Amino acid sequence: MQTLHINGDTHQLDVPADMPLLWVLRDVLKMTGTKFGCGIAQCGACTVQLDGKPARSCMLPVGSLGDQAVTTIEAIGATPEGARIQKAWLKAEVVQCGYCQSGQIMSATALLKAVPKPADADIDAAMAGNICRCGTYIRIREAIKQAAQS
Amino acid sequence: MSRLSDHAAPSRRAVLQGASVAGGGLLLGFSLPRAAKAQTASASGVFAPDAFIRIGRDDRVTLIMSQVEMGQGIHTAIPMILAEELDVPLSQVTTEEAPPNDKLYGNPIFYIQMTGGSTSVRALFMPMRKTAAAARAMLVTAAAQTWGVDAAACRTEAGAVIHDASGSRLGYGALVDAASVVPRPESPVLKDPKTFKLIGTPAKRLDTPDKVNGKAVFGIDALPDGVRFATLASCPVFGGTLGACDEKAALAVPGVRQVVKLDTLVAVVADHMWAAKLGLAALDIQWNDGPHAALSSVDLWGAIGKASEADGVTAQKIGDVDAALKGDGVITASYELPLLAHATMEPMNCTVHVTPDSCEIWVGIQVMTKAQRIAAAITGLPPEKITIHNHLIGGGFGRRLEEDGVGVAVRIAQHVDGPVKVVWTREEDIQHDMYRPVYRNVMGGRVENGKLVAWTHRVVGPAIIARYLPPAFKNGIDVDAVDGAIDLPYDIPHLRVDYVRHEMAGVPTAFWRGVGPNSTIFAAESFIDKLARQAGSDPLTFRRGLLAKNPRGLATLDLAAQKAGWGGALADRTGRGIAFQFVMGSFVATIAEVAVADDGVVTVKHITSAVDCGTIINPDTVVAQIQGGLIFGLTAASHGEITIERGRVQQSNFHDYRMLRINEVPTIAVHLVPSNEAPGGIGEPGTVAAMPAVANAIYAATGVQIQRMPIDPTLLAKKRSA
Ligand code: FES
Ligand code: FES
């Protein structure tokens with residue numbers, strides 16, 4: 001049995017301890033907002049937050065989570081930074097196909113929380129782990145700066 | 001693929017029909033004439049899906065979308081066209097995915113129901129306008145009859161018909177029954193573009209709000225009741241088959257339910273993807289590598305090099321090029337492009353439920369009817385027993401123009417009781433793609449008195465069209481492969497373009513964002529810079545001289561040059577490069593600025609693009625597509641190469657098949673040229689532009705011309721002075 005704290009709810013789940021959080025979210029809890037992109041922590045599509053810090057859920061065994069609070073894209077809008085980032089994302093019309101954007105938003109929200117006024121170098125450092133195949137990077141940078149001003 | 005329009009049936013005119021819909025509403029659509037008899041079918045009470053527009057008594061306008069959304073903004077652009085001509089606010093329009101039906105929803109450029117080739121707006125702009133204009137006219141007539149006034153005295157505004165003289169006003173919803181029996185006008189009057197209120201404005205995308213909160217449902221997110229999860233391993237050599245495979249080790253993994261063994265692959269079906277992955281990893285699979293077990297990239301390059309020595313089929317001829325090539329100043333060069341994978345962000349996936357008399361499919365695909373046909377062929381069921389739920393697509397780029405993945409998933413699902421979601425791992429996605437083929441372009445040209453007088457371009461590559469759309473493969477010419485090589489925007493007195501078909505056994509090939517022009521424009525624009533140098537001319541001046549008879553092209557080029565500050569001072573080993581193109585119906589002039597370090601590493605600092613894509617529907621989407629397209633092309637120029645050894649793809653995931661990341665992208669400025677010309681495509685031109693613009697900037701910075709993609713920094717390292 002694994003005990004998980006996700007978006008304010010506690011789940012008791014009969015899943016193996018070495019099972020990555022990504023598949024628990026998607027295939028067991030049917031929370032499909034968190035995406036699978038690479039499975040090897042190279043693309044960031046699966047990014048969630050653990051106690052507000054970004055983490056790649058595809059390589060995160062649920063048995064390692066302990067008491068940490070997991071936040072996913074489904075609930076990030078309830079945080080002040082998440083709401084600001086989502087708003088800025090729509091204002092700047094960042095999204096193209098959208099598949100990477102759950103992960104982008106989870107990383108960007110964590111950045112904004114840690115660094116309220118990020119410089120370009122902060123954005124590079126925080127966001128370089130998130131690939132966008134559609135190439136929305138220019139607007140991601142704009143939107144993060146907009147959210148920081150708001 | 002713009003040239004495919006040459007083969008489109010001109011007889012396929014937009015025909016409007018009206019019929020009452022179950023639950024009340026007006027049904028309108030362009031469809032084949034033989035379906036038009038549904039005109040008076042007010043009592044059938046059945047929704048016949050031979051239509052695009054449905055207006056409900058509640059005023060809701062539903063647009064049945066034949067084109068799929070994969071990030072290009074088409075689920076906003078087409079509704080904008082409809083809302084403009086129908087005169088309703090965009091917020092009143094909702095979209096619904098069209099079911100598979102080539103007759104009703106076939107792309108007017110390709111016949112088949114397909115989203116690709118940067119064609120959606122080009123193909124649907126006028127048909128959608130005419131359909132909506134006819135609908136508006138019918139609503140006006142209905143209102144005029146209701147009020148007993150002259151229709152000419154009525155006007156429309158924001159989803160209502162208004163008669164100013166009497167102050168009468170009726171919303172469209174109140175008119176649907178009356179409008180359903182109004183004869184449809186033969187040639188409805190279209191709005192004067194000067195009066196457009198919506199077309200040309202940066203409308204907010206309709207599909208994006210759900211993409212920032214996790215609610216958007218992509219194919220990979222489909223979860224029908226009782227679904228199981230499967231992942232697969234295919235024979236690592238194309239054309240090989242499965243040998244021995246003892247399934248016990250997989251079945252011993254908790255959560256694994258089943259192992260499905262097919263001729264070329266093994267799939268493990270489990271309670272979740274993790275168990276499926278562990279089960280697959282536990283298997284000791286023997287493969288029969290088959291006839292391509294020794295294939296390597298060296299062989300592929302060697303074979304295409306040899307093929308390029310043969311004369312090809314002439315695709316275009318102007319003047320007497322052989323005579324014009326006699327004399328001094330002849331130069332030649334060749335330009336080559338490697339295999340590329342699509343690497344869509346959403347890995348390949350497809351969910352299928354096969355029963356003895358039905359097959360239900362959940363997927364995101366650019367070709368609905370092709371998916372339906374392959375499922376019908378595999379299951380032996382009639383097409384009407386195949387239900388497809390199409391989804392948002394997490395990146396297409398040509399990959400989802402192919403239905404191979406649907407075929408694999410259906411074959412697996414035939415062995416599974418209940419629905420099964422088949423998800424390709426990223427490794428399997430990259431190693432079992434259908435690849436952008438290797439292309440080789442052999443160029444020749446002659447400059448006389450500083451002027452370009454002769455030009456030859458030989459395109460060598462497989463004929464994807466011959467496989468994909470056989471009727472479009474005529475006279476031995478792949479219209480896509482030579483797109484961008486023929487009908488140049490430049491005025492050249494003597495020219496010959498020929499095409500050598502060269503298929504690559506052992507590697508499946510397919511369309512890839514930018515298609516043929518990625519190869520032809522890279523070659524042509526690189527060669528133009530080489531010729532300019534030969535002529536002692538500046539690359540901008542040289543191109544301007546060739547565009548004297550092409551005012552739209554010239555204006556676009558001049559805009560880019562002015563915005564980029566062409567001619568301004570640059571540091572050592574820094575350069576600007578131009579790429580100019582007219583493909584997919586759009587003029588794009590792009591100027592890249594690069595810095596090349598002493599070790600040869602290239603940094604693209606800034607890109608300026610000027611775009612004349614004719615009538616612009618949503619300018620913000622045009623800018624987004626050019627930005628994204630450029631970055632897609634920069635990724636290919638910087639990192640993009642799939643290599644083959646022992647018949648196997650060497651790359652497997654994003655660590656060795658790299659994508660540009662946010663810290664690696666240049667700043668990009670996109671400038672749009674206002675125009676009332678026919679709309680051009682914008683999904684692919686940016687990708688086409690990136691490679692030659694950067695290559696020419698490197699040429700300017702170092703004097704070394706890149707002749708094979710991707711950029712090899714070792715060719716660019718600063719030579720030590722002896
Ligand atoms: S899926 Fe986790 S980083 Fe790519
Ligand atoms: S929006 Fe498509 S991958 Fe980022």
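Residues numbered from 1 in each chain as written. Chains lettered and ligands numbered in written order. Predicted model: local features only at pLDDT ≥ 70, side-chain atom pairs only at ≥ 80, totals over all residues. Heavy atoms only, no water.

*Asks:* Explain the packing of helix α14 (residues 539-546) of chain B against helix α15 (residues 551-564) of chain B here, please?
*Replies:* The packing of two helices is summarised by the inter-axis angle and the distance between the axes. Residues and elements named next belong to chain B. Close contact between α14 and α15 brings their axes to 10 Å; oriented N to C, the two are set at 165 degrees. The orientation of α14 with respect to α15, classified from their angle, is roughly antiparallel. Considering how the two elements wind past one another, α14 and α15 form a crossing that is left-handed. Residues Leu540, Arg543 and Arg544 of α14 form the contact with α15, whose own contacting residues are Leu554, Leu557, Asp558 and Ala561. A per-class count over the contact of α14 with α15 returns four nonpolar, no polar and three charged. (Axes fitted to C-alpha atoms, helices over the stretch in contact; angles between N-to-C directions. Helix = DSSP H or I, 4+ residues; strand = E, 2+ residues; numbered from the N terminus. Parallel < 35°, antiparallel > 145°, perpendicular 65-115°, else oblique. Left-handed = near helix turned anticlockwise from the far one by under 90°. Contact = heavy atoms within 4.5 Å. Nonpolar A, V, L, I, M, F, W, Y, C, P; charged D, E, K, R; others polar.)

*Asks:* Explain the domain arrangement of chain A to me, please; I cannot follow it from the model alone.
*Replies:* The accessible area lost on association of the parts is a frequent measure of interface size. All names here are of chain A. Considered domain by domain, chain A is made up of domain 1 (2-75) and domain 2 (76-149). Computed over C-alpha atoms, the centres of domain 1 and domain 2 are 20 Å apart. If you look at the interface, domain 1 gives 18 residues, while domain 2 gives 16 residues. Together, the buried faces of domain 1 and domain 2 total about 1300 Å²; carbon and sulfur atoms form 54% of this surface. Applying the counting rule to domain 1 against domain 2 returns zero salt bridges. Taken together, the connections running from domain 1 to domain 2 amount to ten residue pairs in polar contact (both at pLDDT 80 or more). When contributions to the side of domain 1 that touches domain 2 are tallied by element, the ones reaching two or more residues are β3 (47-50), β4 (53-56) and α2 (73-76). (Domains from an automatic or database assignment. Buried area = accessible area lost by both parts, 1.4 Å probe. Salt bridge = Lys/Arg side-chain N within 4 Å of Asp/Glu carboxyl O. Polar contact = N/O pair within 3.5 Å; in protein donor to acceptor, adjacent residues only side chain to side chain.)

*Asks:* What should I look at first to understand the pairing of strand β23 (residues 574-583) of chain B in this one?
*Replies:* For a regular strand, side chains alternate in direction, first toward one face of the sheet and then toward the other. All names here are of chain B. With nine of its ten residues buried, β23 lies for the most part within the structure. Pairing geometry for β23 and strand β24 (residues 586-596), over ten bridges, is antiparallel. Directly across from Phe582, in β24, lies its bridge partner Phe587. Where β23 hands over to β24, the hairpin turn is made up of two residues, of which Met584 adopts a positive phi near 55 degrees. (Buried < 20%, exposed > 50% of the residue type's maximum accessible area, 1.4 Å probe, protein only. Pairing = 2+ DSSP bridges.)

*Asks:* What should I look at first to understand the nonpolar core in this one?
*Replies:* Side chains that are nonpolar tend, in soluble globular proteins, to be buried together. Counting residues in each nonpolar core, the largest one holds 223 residues, and the members touching the most others are Trp89 of chain A together with Ile361 and Trp455 of chain B. Counting 45 residues, the second-largest nonpolar core is a separate cluster that includes Ile53, Ile64, Tyr105 and Ala203 of chain B. (Core = buried A, V, L, I, M, F, W, Y, C linked by side-chain atoms within 4.5 Å.)

*Asks:* Which parts of the structure should I look at to understand the packing of aromatic side chains?
*Replies:* Any aromatic ring pair is given by two values, namely how distant the centres are and how the planes are angled relative to each other. All names here are of chain B. Under the counting rule described, the total for this entry stands at twelve aromatic pairs over all chains. Look at Tyr490 and Phe580: their rings are 5.9 Å apart centre to centre, the planes differ by 45 degrees, and that puts the pair in the tilted class. Taken as a pair, Tyr490 in the loop between α12 (464-468) and β22 (494-501) and Phe580 in strand β23 lie far apart in primary sequence, 90 residues in all. Taking relative accessible area as the criterion, Tyr490 reaches 7% and is therefore assigned buried. Plain terms: the ring middles of Trp512 and Phe632 are 4.9 Å apart, the flat faces sit at 50 degrees to each other, and that makes the pair tilted. Residue Trp512 is located in the loop between β22 and α13 (515-535), and its partner Phe632 is located in helix α16 (residues 619-639); the two are separated by 120 residues in the primary sequence. You'll find Trp512 and Phe632 in the same group, each marked buried. Here the aromatic cluster, defined as three or more aromatic residues joined through ring pairs, consists of Tyr490, Phe580, Phe582 and Phe587. In this structure, Arg436 packs its charged tip against the face of Trp512, placed 5.7 Å from the ring centre. The side chain of Arg533 reaches across the aromatic face of Tyr699, ending 4.0 Å from its centre. (Phe/Tyr/Trp six-rings, centres within 6.5 Å; stacked < 30°, edge-to-face > 60°. Lys NZ or Arg CZ within 6 Å of the ring centre and 35° of its normal.)

*Asks:* Just to check I follow, could you spell out the interface of chain A and chain B for this structure?
*Replies:* Every contact between the two is made by 49 residues of chain A and, on the other side, 59 residues of chain B. Here chain A and chain B share three salt bridges between them. Of the charged contacts, one joins Asp221 of chain B and Arg26 of chain A as a salt bridge, the two residues approaching to 3.0 Å between their closest N and O atoms. Counting across the interface, chain A meets chain B through 26 residue pairs in polar contact (both at pLDDT 80 or more). Secondary-structure elements contributing two or more residues to the side of chain A that touches chain B are α1 (21-28), α2, α3 (80-91), α4 (101-114), α5 (120-127) and α6 (137-149) of chain A. At five residues, α6 of chain A tops the list of elements feeding residues into the side of chain A that touches chain B. Its residues placed into classes, the side of chain A that touches chain B shows 25 nonpolar, twelve polar and twelve charged.

*Asks:* Looking at this structure, I do not really get the domain arrangement of chain B. What am I missing?
*Replies:* All names here are of chain B. In terms of domains, chain B is made up of domain 1 (4-206), domain 2 (219-290 + 348-423) and domain 3 (298-339 + 435-721). Residue-level contacts link 14 residues of domain 1 with 16 residues of domain 2. When domain 1 packs against domain 2, close to 1100 Å² is buried across both sides, 62% of that on carbon and sulfur atoms. Scanning the region where domain 1 abuts domain 2 turns up one salt bridge. Counting across the interface, domain 1 meets domain 2 through four residue pairs in polar contact (both at pLDDT 80 or more). Looking at the side of domain 1 that touches domain 2 residue by residue, the class counts come to seven nonpolar, four polar and three charged.

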